[in-house]
Each structure stands twice: as structure tokens, then as C-alpha cells.
Amino acid sequence: MSPATDRSRHRVGPLASTAREAPMLDVDALLDDPETRIIVCCGSGGVGKTTTSAALALRAAERGRHVVVLTIDPARRLAQSMGIEQLDNTPRPVPDLTWPKGTRKRPTKAPRMDAMMLDMKRTFDEVVESQANPEKAQQILENPFYVALSSSFAGTQEYMAMEKLGQIYRDAERDGTYDLIVVDTPPSRSALDFLDAPERLSSFLDGRFIKLLLAPARGPARMMTMGLQLFTSALTKILGAQVLQDLQTFVAAVDTLFGGFRQRAQQTYQLLQTGGTAFLVIAAPEPDALREAAYFVERLDEDQMPLAGLVVNRATATSPEDLDAEEALAAAARLERKKSRTVTPGLLRLHADRMRLAEREARLRERFTAAHPEVPTVVVAALPTDVHDLDGLRQVGRLLAGS
Amino acid sequence: MASRAQGSTSRTPDSRRAESPAGSGDDGDWGGVRLHVVTGKGGTGKSTVAAALALALASHGRRVLLCEVEGRQGIARMFDVDPLPYAERRIATGLAGPDGRAGAVHALHIDAESALMDYLAMYYKLGRAGRALDRFGVVEFATTIAPGVRDVLLTGKVYEAVNRNSRNRGAVRYDAVVLDAPPTGRIVQFLDVNAEVAVLARMGPIKHQSDAVMELLRSPQTAVHLVTLLEEMPVQETADAIEELQAADLTVGAVVVNQVRPDELDDESLAAARSGGLDSDRIAADLTAAGLEHGETLVTDLLHEAHDHAERRAVEDEQRLRVAGLGRPTYELPRLATGIDLGGLYELAARLREEGMA
Ligand SMILES: Nc1ncnc2c1ncn2[C@@H]1O[C@H](COP(=O)(O)OP(=O)(O)OP(=O)(O)O)[C@@H](O)[C@H]1O
Ligand SMILES: Nc1ncnc2c1ncn2[C@@H]1O[C@H](COP(=O)(O)OP(=O)(O)OP(=O)(O)O)[C@@H](O)[C@H]1O
Ligand SMILES: [Mg+2]
Ligand SMILES: [Mg+2]
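Residues numbered from 1 in each chain as written. Chains lettered and ligands numbered in written order. Predicted model: local features only at pLDDT ≥ 70, side-chain atom pairs only at ≥ 80, totals over all residues. Heavy atoms only, no water.

1. A short note on the site of ligand 2
What counts is decided by this rule: For this purpose, a residue is taken to be near a molecule or strand whenever a single non-hydrogen atom of the residue falls within 4 Å of it. As used in this structure description, the phrase polar contact means that two N or O atoms lie within 3.5 Å; if the pair is within protein, one of them must be able to donate a hydrogen and the other to accept it, and residues adjacent in sequence are counted only when both atoms belong to side chains. Reported accessibility uses the Shrake-Rupley method at a 1.4 Å probe radius. Residues are deemed covered only where the shown protein chains occlude them. Helix and strand assignments follow DSSP, with helices taken as H or I runs no shorter than four residues and strands as E runs no shorter than two, numbered in order from the N terminus. Amino acids outside the nonpolar list (Ala, Val, Leu, Ile, Met, Phe, Trp, Tyr, Cys, Pro) and the charged list (Asp, Glu, Lys, Arg) are all regarded as polar, and Gly is one of them.
Taken together, 16 residues surround ligand 2, and among them B:Gly43, B:Lys46, B:Ser47, B:Thr48 and B:Leu336 come closest. Nearby residues around ligand 2 are contributed by chains A and B. One of the backbone nitrogen or oxygen atoms of B:Gly45 is found 2.9 Å away from an oxygen atom of ligand 2. One of the backbone N or O atoms of B:Pro334 is found 2.9 Å from a nitrogen atom in ligand 2. The protein chains hide 84% of the 630 Å² of surface that ligand 2 would expose on its own. Looking at the shell around ligand 2, the elements with two or more residues in it are helix 1 (46-57) and strand 7 (252-260) of chain B. Split into classes, the residues belonging to the shell around ligand 2 amount to four nonpolar, eight polar and four charged.

So, in C-alpha cells, the structure goes:
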């Protein structure tokens, strides 16, 4: 694969491909293309989004890009190795980067990569603080409904990841700090949550109930219908009077603040639709993860968002020599009958286990490819140990690049 | 509204049984527990373990309810049945006990909206007002944003299934309820929500209900089990969750170690495999003796695979020590190479039974 010669980015679209083989995803071409400004790593929980984001960012940095990676809840040791132990919402340089051997034109300055860990509540609070005077902001920050919204509303984390991405992108455009932003996404059940979050939040804030609570303040007695009385009395009965008061405060705040929110979310959403963005869908070779990946691919297409490809992560590595599971088990059994004390039967059974896993994974991948034959794919083998340092990330980077 | 199709029992409506139903003896290590809460880091196998545990508990004619609250229809997929409505359904026969008698697993998919309407109808007889609330978007509001309301409703319904009362006529009474719960990151918030309700609803019937739920959750009738893999992050989350659960006075149950790799090599061979000290000539000779035609590469490949496996096992052993240090009863389930289907669930259930969890 020669990344420098092939600048054309193969995204969604009919590509020459054999029956069941997905086209190869060329990660280095993607990273080297100066037009690539944002890479978003999506996928369902635990598939390797954080690892992949960090590995891509590191590889891009060591290929000469000015990169920042926005991670969400990285494992402690991985965070340490990237120098982002504190959760302070600020990008910090990853220590000890050097140009890898064989870099074509080695600049004198060392490669630079910044990393940060998203603090979603802080991000939300900052937006509130930037939109209201200090006294009012304080009142909102303490409101129990706001606290719930900013810490546990399904979608807030996704929304805040987008908000932060928007901020960093605007800053980078203005100051020329970064030419590539790699974004990790929160551990949600479904990759779709990332795209749905802004819409979810705004439609929620535009909801009937909130409108209703705002209405009496604006329009006169029109709303005081039978239904409303019935419903406030039911509400008071269930929740108590204090709750209603907190609710009124919250709703009033929503009205003044969230118009701005909605607009920002929309801007970021549009940013994601531009050609400078590339989505990578990460999946484990498991039915649930691949099903989610398929939904996500379809959704990107509907929303006209640019898909770069699929990463099947933590796959079982197999070797070309194909001794199949049954043969291996039969041979192990024959050896064991001979009663000689050796490791070979154990090795054969391990091999059989591995072949079974690999066969199953291959079938699952084929199913995905049959439904989405145009999606460029790369399979990343599981490393024997967890990925918690820069060398591990480099190794994942190499696997991502197919080398 | 929920239809509760499966037959009713003859027990008196408001008997609250503290002791375990079918006597003790072969109940496993958690005989007195009526509510098993299964949590763990995302993707570690909560749903799988909850399902296997429900099957394992359902012997001797016992009825077990398997609940999910995350809106994902994972139960339906695992048991290969149509998506579950907000109603209890019998979905499988349990794993037969040593005497050959099985019980039944029922399932319930709890969603907050239905639980709210159910709750309003059951406790407030709010038929009309309930619908009015829905019309004004209150149901949506309450179940998505009003702090904790969603979790209050979900735990409230679970409570109702454990302690069936006279308001819910004709409902099945269960010997045990297994909850496929939210992940470790949210479990304490989820279970403890009823303790915090007082902050919001300082008085009124909600407070009364919340107190009853907390009493169940903090009693020895409830156990919160944690599913983990032998990997750094899941074990770390398990350790953190245990601390948080204990701080909130919730009863920590077992640690279930899931997806354990096969144990084919002894310690000595593992060490040799890691250090490259396995005897390749001997292996080559063995392969020939076993009648396998092979070239050099097969031996190299097997050694390579053994090396990776040994590295992984070393990580597992390190994490296994940490798990042991948590001081909770621990059960281990193998990673099934062919994936989890219904047969696989019974296989895991049998393992849990053998190890004494059920
Ligand atoms: N190719 C790989 N080989 C070995 N281990 C891997 C690989 N990719 C990821 N891992 C390990 O898998 C675990 C989960 O990875 P990661 O945290 O990146 O997933 P995630 O998708 O970000 O999870 P979450 O949804 O919880 O945020 C980590 O322990 C990581 O080290
Ligand atoms: N012992 C096992 N052997 C093989 N595969 C397993 C085992 N346990 C779980 N799995 C597989 O791992 C995947 C995750 O399991 P499961 O859905 O039970 O996890 P979960 O913790 O409920 O996930 P989530 O956080 O997404 O709800 C599934 O594909 C499941 O089939
Ligand atoms: Mg992550
Ligand atoms: Mg689950």
C-alpha cells in the first residue's frame, strides 16, 4: 500500500470488489490527506474507540500532522502514557514523541500531538457560564433539573463531545493550532447516539411540556384549561411543591439559554457533514457490534455524512497455514491416547479454539460485507495484552494501516 | 396496560416472604436472595450472565423473572423470541435440578413510560389524569429529565415484581427475580435513587414507596453481582463499584468472571511459551506421530499462538489476583468459542450451578 501515491479517498461508493471481500481501508492515505481535518471514531461500547482514536492520532502525528485527540474516559494507564491524568478539559502535549525510523523528510522539530480528556459536566457548565451573568449562572448550575440534565441525560455526553469538537475546531481554524482533530465518542450502547444527541436534546427542550410551563408567563389565562389544572394537581400530588418550583426555575433558564445551544449544535452537525470530516466505524467481531456498525453506516448515508470505513478491532489472528479445528482436535486426541507427557495436544487444542473463533468472526464479517459491500474495511488483530502505552498504540497504528 | 398472562398462584396476596421459598439445601450460595442484580462494565456479559443465572435458578418448579431495563431487547435476542412487550412472558424452561425437575424463566422488559402509566394506575387510580399527563408531554419529560424519575420508576417496577402486592391481582409470584441492570458506572445512582428521592419529594406517597424499595435493596434479600473480564478496565470498574455499593449500604454479591480463556497449558509450559523455551523439535515429532502432514510453518505458528496465549494468560492471572483481593465469592465462566446461543446459555447455567452460584 503506498499512501503517498493514492490521494483519492475511497469512501462510500461502488468500488471494484470481489464477491465477499470488502475493499481495503487505506488508513495512511486518510491520515496523510491534508483535506482530512476531523476523524470521528464511533462504535458501540467497549469495541476500542478510545484505543483506535489515540492510535490514529499518534500515527498521524508521527507522519507529520498537527494533531489533537479528544478522548473520553481512557483507561488510567493509557491516559498516563499520554500525559493526561487530570480531567481538566485542556489539550496537553503527549510527552516523548520522536520521529519514527525511516520518516521520509525528518523535520528538526519533534512531532507534536496534544491529547485531552473530555469533562462533560465542565463543558456544559462552561457553556452556561458563557451565556448567563454570574449570578444567574450559579442559580442554574445548582438547579436539580440542570444537574440531572448535565450529568445523566442520555445524550448529554455525546452532545458535549460535539460541543467540544466545535470549540476546538473553531480555535484551530483561528489560531492554526491543529490541522487534524481525532475524536473519540462516549461509551454508549449505540453508535447512533452520537448523531442523535443534539436532535434529542433540542427536541426535548422544545418539548410540549416545557412550552406549556412557559406559556402562562407569556400568554394569559388561555392555557388554564381543565387539563392543565388536572395535570398540575397530579404533579404536585406526586412530586411535592418544591419540585414544581425547581422546575419553573429550570424551564425559565432553558428559555433564555438554550436557543444558543441549539444553534451551536446545528453548526457542529453541519461541520460533520463537510468533506473534511471522516467517520470511522469501529466494531468488535461480535454480532451486536457489527449490527450496530451496520445501522450506523446506513444512518451516515442518510444524513450525508462522510464514511471513511469500518475497523474490525480485536480480531482473532490466524496464520495462513490452515489446520482446521476438527483436524487439530482429532490429532490432539490421538496424541493423548499415547499417554506421552507433552505440550503438543494443548497447543493443538488452543489452535482449534482459535480457529473456531476466527471462523465465526469471518462469517460475521462476511454478513456485514454482503449487506454493505462498498464499505472499506480493515481488520485489526487483538494484541496479546491490553494497549496502555505509546508502543502499544504504535502497534495498533501499524495494524490499522495494514502493515 | 400490562397483561399478565401466565397463571396465578394460590398464595395469599400480600404474603411477603423473607425466607427462601423452597427450603434450603440445594439452593446454592445465595439461597436467601430474592433479587439478583447483575451489573458490570459495558460489554462484559451482564445480559448473558443474568440470563444464565435465571436459567440456573429456575429448577424444582421455581419461577424466576428475568428483567431488563435498558430498552435493548437483549433478552428477546438471546432467547430467540419476539421483542418483549411491557408484560411478563414465559420464555424458557429452567435448567433441571439433580432430581430432574425444572422450573420456568419468565421475562419482562421494563420501560419507564409504561412503568409510569402502570404506577399511576396502580397507586393513584389516575386513569384520566394519567392520560392528560401524557397529552401534555409530561410522561416524556418525567421519564427523560426529571432527576431520577426514570430510575425510580424502573426500580419501583422491579420492587413490585419481587414483592407482589394485592393491587396487582392475578400476577405471577416469583421465587427469584434477576435484573439485567445498568452498567457499573451507573449502578449505584440507579439503585440508590430511592434514597435520594427524599431530596426532591420531601413528603407524600412517593417518599413512602421509596422507603420500601430501599428497604428491599438494602436487605439480605438483594445481592448485587458484578460481571467482569480478566482485563484491567473491567476489574478496575468492579473494584470501584464494590466500594461505591458498600458506601451506599447496598449488598455486594458475587464477582462473576466471564469469558475466561481455555486452560490447556500448565504453568511451566506457559512460562516456556512466553520465553520461547518450548521444544520445537519435540512438537514437530509429535505432529508427525499424530499423523499430521505439516511443514515448518505449522510448528512456528503453534509456537507463536502459544506465545500470544501465554501473554494473555499472564494478564489474566494478574487480574485474577486482583479479583481475589476483592474478597467476594467468585465464579468463573468460560469464553465459548462458538458464541452464545440458547444452548450456550444452558451450558453457562450448568457451570454456575456446578460452582454453587445457584
Ligand atoms: N487491538 C487491540 N488489541 C488488544 N487490546 C485492545 C485492542 N483494542 C482495544 N484493546 C483493549 O480493549 C479495551 C477496550 O478498549 P477501549 O477502551 O479503546 O474501548 P472503547 O470502545 O473506547 O470502550 P468504551 O465504549 O468503554 O469507551 C482496552 O483495555 C484496550 O486496551
Ligand atoms: N462466556 C461467553 N462466551 C462467549 N461469548 C460471550 C460470553 N459472554 C458474553 N459473550 C458475548 O459477548 C458479547 C457481550 O455480552 P453481553 O451482551 O451479555 O454483555 P453486556 O454486558 O450485557 O453488554 P452491554 O453492556 O452492551 O449490555 C455478546 O456478543 C455475547 O454473546
Ligand atoms: Mg472509550
Ligand atoms: Mg446487556
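Right, picking up where we left off after that structure.
2. Notes on the sheet that holds strand 2 (residues 67-71) of chain A
All names here are of chain A. Threshold: Strands were regarded as paired on the criterion that DSSP finds at least two bridges between them.
Taken together, the eight strands give an open sheet; going across it, the order is 3-4-2-5-1-6-7-8, and neighbouring strands pair in mixed fashion. On the outer flanks of this sheet lie strand 3 (92-93) and strand 8 (377-381), each paired with one strand and no other. Pairing of strand 1 (residues 38-42) with strand 5 (residues 180-184), which is carried by four bridges, proceeds in the parallel orientation. The partner of Val 40 across the bridge, within strand 5, is Val 183.

3. Regarding the environment of B:Arg169
All names here are of chain B. Let me state the cut-off plainly: Throughout this description, buried means an accessible area under 20% of the type-specific maximum (1.4 Å probe, protein chains only), exposed means over 50%, and partly exposed covers the range between.
Locating Arg 169 in the fold gives a position in the loop between helix 6 (149-162) and strand 5 (176-180). Exposure remark for Arg 169: the relative accessible area of 74% places this residue in the exposed category. Considering only alpha carbons, one finds Arg 169 and Glu 268, 99 residues apart in sequence, at a separation of 62 Å.

4. As for the confidence of the model for chain A
For the record, the criterion: Think of pLDDT as the predictor's per-residue confidence, scored from 0 to 100. Contacts were defined at the residue level, with two residues in contact if any of their heavy atoms lie within 4.5 Å.
Across chain A, the average pLDDT comes to 84, with 85% of residues at or above 70. Here residues 217-224 of chain A is a poorly scored stretch, pLDDT under 50, and it has five contacts once near neighbours within four places are set aside; other chains count.

5. Let's talk about helix 6 of chain B
Test applied: One less than the number of residues in a helix, times 1.5 Å, gives the span that helix is expected to have.
Taking 1.5 Å of rise per residue, 14 residues should cover 20 Å, and helix 6 of chain B covers 20 Å from first to last C-alpha, within 8% of that figure. Across the 14 residues of helix 6 of chain B, 13 count as buried, placing the element largely inside the fold.

6. Quick look at the side chain of B:Asp175
Residue and element names in this part refer to chain B. Along the polypeptide, Asp 175 turns up in the loop between helix 6 and strand 5. Relative accessible area serves as the criterion here: at 12%, Asp 175 is assigned to the buried category. Here the side chain of Asp 175 touches Arg 63 through a polar contact of 2.8 Å, landing on its backbone nitrogen.

7. Examining the site of ligand 1
Around ligand 1 sit 19 residues in total, of which A:Gly46, A:Lys49, A:Thr50, A:Thr51 and A:Leu383 are the nearest. With respect to ligand 1, its neighbouring residues span chains A and B. Measuring from an oxygen atom of ligand 1, one finds a backbone N or O atom of A:Gly48 at 2.8 Å. Note that a nitrogen atom of ligand 1 is positioned 2.9 Å from one of the side-chain N or O atoms of A:Asn313. For ligand 1, whose unbound accessible area comes to 640 Å², protein coverage reaches 94%. Counted by class, the shell around ligand 1 contains eight nonpolar, seven polar and four charged residues.

8. Details of the domain arrangement of chain A
To keep it simple, the criterion reads: By convention here, the domain bounds are inherited from an automatic or database domain assignment.
Domain boundaries assigned for chain A yield domain 1 (7-207 + 264-321 + 366-400) and domain 2 (325-358). When each unit is reduced to the centre of its C-alpha atoms, the spacing between domain 1 of chain A and domain 2 of chain A is 41 Å.

9. With respect to the nonpolar core
As a reminder of what qualifies: Definition of nonpolar core: a set of buried residues of the types Ala, Val, Leu, Ile, Met, Phe, Trp, Tyr and Cys, connected through side-chain atoms within 4.5 Å.
In terms of nonpolar packing, the biggest core is built from 115 residues, with A:Met82 and A:Phe279 touching the most fellow members. If you tally residues by element for this core, the top one is helix 11 (residues 241-273) of chain A, at 13 residues. When sequence neighbours within four positions are dropped, the list of residues in contact with A:Phe279 reads A:Val40, A:Cys42, A:Phe194, A:Leu195, A:Leu272, A:Phe296, A:Leu300, A:Met305, A:Pro306, A:Leu307, A:Ala308 and A:Gly309. Grouped together as the second largest cluster of nonpolar side chains are 49 residues, B:Leu35, B:Val235, B:Ala248 and B:Val255 included.

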